[in-house]
Amino acid sequence: LQIAEPGLAAAPHQHRLAVGIDLGTTNSLVATMRSGVPTVLGDEAGRLLVPSVVHFAPDGGRLVGDAARAMALQDPANTIASAKRLIGRSPTDIAPGTVPYAVEPMGDSAVGVRTRAGVVSPVEIGAEVLRSLRSRAEAGLGGELVGAVITVPAYFDDAQRQATKDAAQAAGLNVLRLLNEPTAAAVAYGLESASEGCYVVYDLGGGTFDVSILRLARGVFEVIATAGDPVLGGDDFDHVLASWFAHETGGWTAAGQTALLAAARRAKEALTDADAVAMHCDRDDGSTAALRVTREQFE
């Protein structure tokens, strides 16, 4: 609410626009408050999720989101997903096989991803996703953003939090605050107005899994403890299902890995509603492999 004497305020009805951003390993979201209600902002087609994927095109351009993910099968080496796993990490932190692309050291304390555009830092990849979210927000809200609140995993250390801020700055976003993801979840469920005490938040995402214990005292949350696995999530479930399928059907080359992962993701999602699905995937030679997988097997 802004109050001003007539003629004394340059812009008495000017709105200050701010958003909340969930920069996720697999998908990202941007939301704002409208009439006291949080509203996720969609694109022109009404899609709310933005896949956290960046594609480096031959012409030097960069695709983000659904357009980038669509290039994963055609050009997997230059289509980078799950870069959040690399933010603020050193070369010794990345275990072999935990990410599906070529990772190279960038100095002594950072890693980058090899693409046709050269070695690209995870901060730069995160900035591309944040830039897309900023554009969506400014188009949907009809003005320039004054800032954003961005959620981060509770286990992120100072280096990882600073890297997130750097990505936002590169995307032209003013970071109002970094908010721990379990705290954001607790607030979303209205726990800030609940009885004081300890709460457990279980967070299983596309690339990370953690359990946090929060203490609520006088409306303020404090993260008491957090533990889990920063490289365990839906991506890893896809890898396990794809490996099982490849072992059972045979005849796969390294080039077919991206197609296998896409088939595994489709099967995993279908098992949400079905007790069994037919998982199928095209081989390099044009033949199709198919296998029945049950929810019990997957679990």
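Throughout what follows, the structure given in this document is the object of discussion. (Residues numbered from 1 in each chain as written. Predicted model: local features only at pLDDT ≥ 70, side-chain atom pairs only at ≥ 80, totals over all residues. Heavy atoms only, no water.)

**A look at the packing of helix α2 (residues 122-141) against helix α3 (residues 158-170)**
At step 1: Packing of α2 against α3 leaves a shortest axis separation of 8 Å and a crossing angle of 50°. Judged by the inter-axis angle, α2 sits oblique to α3. Crossing angle aside, the handedness with which α2 passes α3 is right-handed. Touching Val123, Gly126, Ala127, Leu130 and Arg131 of α2 are Ala163, Asp166, Ala167, Ala168 and Ala170, all from α3. (Axes fitted to C-alpha atoms, helices over the stretch in contact; angles between N-to-C directions. Helix = DSSP H or I, 4+ residues; strand = E, 2+ residues; numbered from the N terminus. Parallel < 35°, antiparallel > 145°, perpendicular 65-115°, else oblique. Left-handed = near helix turned anticlockwise from the far one by under 90°. Contact = heavy atoms within 4.5 Å.)

**So, the pattern of salt bridges**
At step 1: Within this structure, the stated rule accounts for 14 salt bridges.
At step 2: Of the charged contacts, one joins Arg69 and Asp66 as a salt bridge, the two residues approaching to 3.7 Å between their closest N and O atoms. A residue pair is termed a helical-turn pair when its members lie 3 or 4 positions apart in one helix, as Arg69 and Asp66 do in helix α1 (residues 66-69) at 3 residues.
At step 3: Under the relative-accessibility criterion, Arg69 is labelled partly exposed at 36%.
At step 4: On the accessibility criterion, Asp66 (27% relative accessible area) is partly exposed.
At step 5: Each member of the salt-bridge network shares a partner with another, and the members are Asp43, Arg47, Asp66, Arg69 and Arg136. (Salt bridge = Lys/Arg side-chain N within 4 Å of Asp/Glu carboxyl O. Buried < 20%, exposed > 50% of the residue type's maximum accessible area, 1.4 Å probe, protein only.)

**With respect to the side chain of Asp235**
At step 1: Among the secondary structure elements, Asp235 is positioned in helix α5 (residues 234-249).
At step 2: Buried and unpaired, Asp235 has no salt bridge, with Arg85 as the nearest side chain of opposite charge at 4.7 Å.
At step 3: One polar contact links Asp235 to Ser82, side chain to side chain, over a distance of 2.3 Å.
At step 4: With near-sequence residues (within four places) excluded, Asp235 lies in contact with Thr25, Thr26, Ser82, Arg85 and Gly206. (Lys, Arg positive; Asp, Glu negative; His and termini not counted. Polar contact = N/O pair within 3.5 Å; in protein donor to acceptor, adjacent residues only side chain to side chain.)

**Some thoughts on the pairing of strand β3 (residues 37-40)**
At step 1: Pairing analysis gives 4 bridges linking strand β2 (residues 27-34) to β3, with the strands arranged antiparallel. By the bridge assignment, Thr32 is partnered in β3 with Thr39.
At step 2: Connecting β2 to the next strand, β3, in antiparallel fashion are 2 residues, including Ser35 with a positive phi near 55°. (Pairing = 2+ DSSP bridges.)

**Thoughts on the sheet that holds strand β13 (residues 197-204)**
At step 1: If you trace the 3 strands from one edge of the open sheet to the other, you get β13-β14-β15, paired in antiparallel fashion. On the outer flanks of this sheet lie β13 and β15 (220-229), each paired with one strand and no other. When the angles between neighbouring strand axes are averaged without regard to direction, this sheet yields 20°.
At step 2: Where strand β14 (residues 209-217) meets β15, 9 bridges bridge the pair, whose relative direction is antiparallel. Across the sheet, the residue bridging to Asp210 is Gly228, located in β15.

**Section: α2**
At step 1: Given a rise of 1.5 Å per residue, 20 residues ought to cover 28 Å, and the 28 Å separating the end C-alpha atoms of α2 matches this to within 8%.
At step 2: When we look at burial in α2, the residues that qualify are Pro122, Ile125, Gly126, Ala127, Glu128, Val129, Leu130, Leu133, Arg136 and Ala137.
At step 3: Trailing α2 by a residue or two, Gly142 shows a phi angle of about 75°, which is positive. (Expected span 1.5 Å × (residues − 1).)

**Describing unusual backbone geometry**
At step 1: A positive phi angle, close to 55°, is found at Ser35, a residue other than glycine.
At step 2: Positionally, Ser35 belongs in the loop between β2 and β3.
At step 3: Given the relative accessible area of 81%, Ser35 is considered exposed.
At step 4: Backbone geometry at Ser82 places phi at a positive 60°, although glycine is not the residue there.

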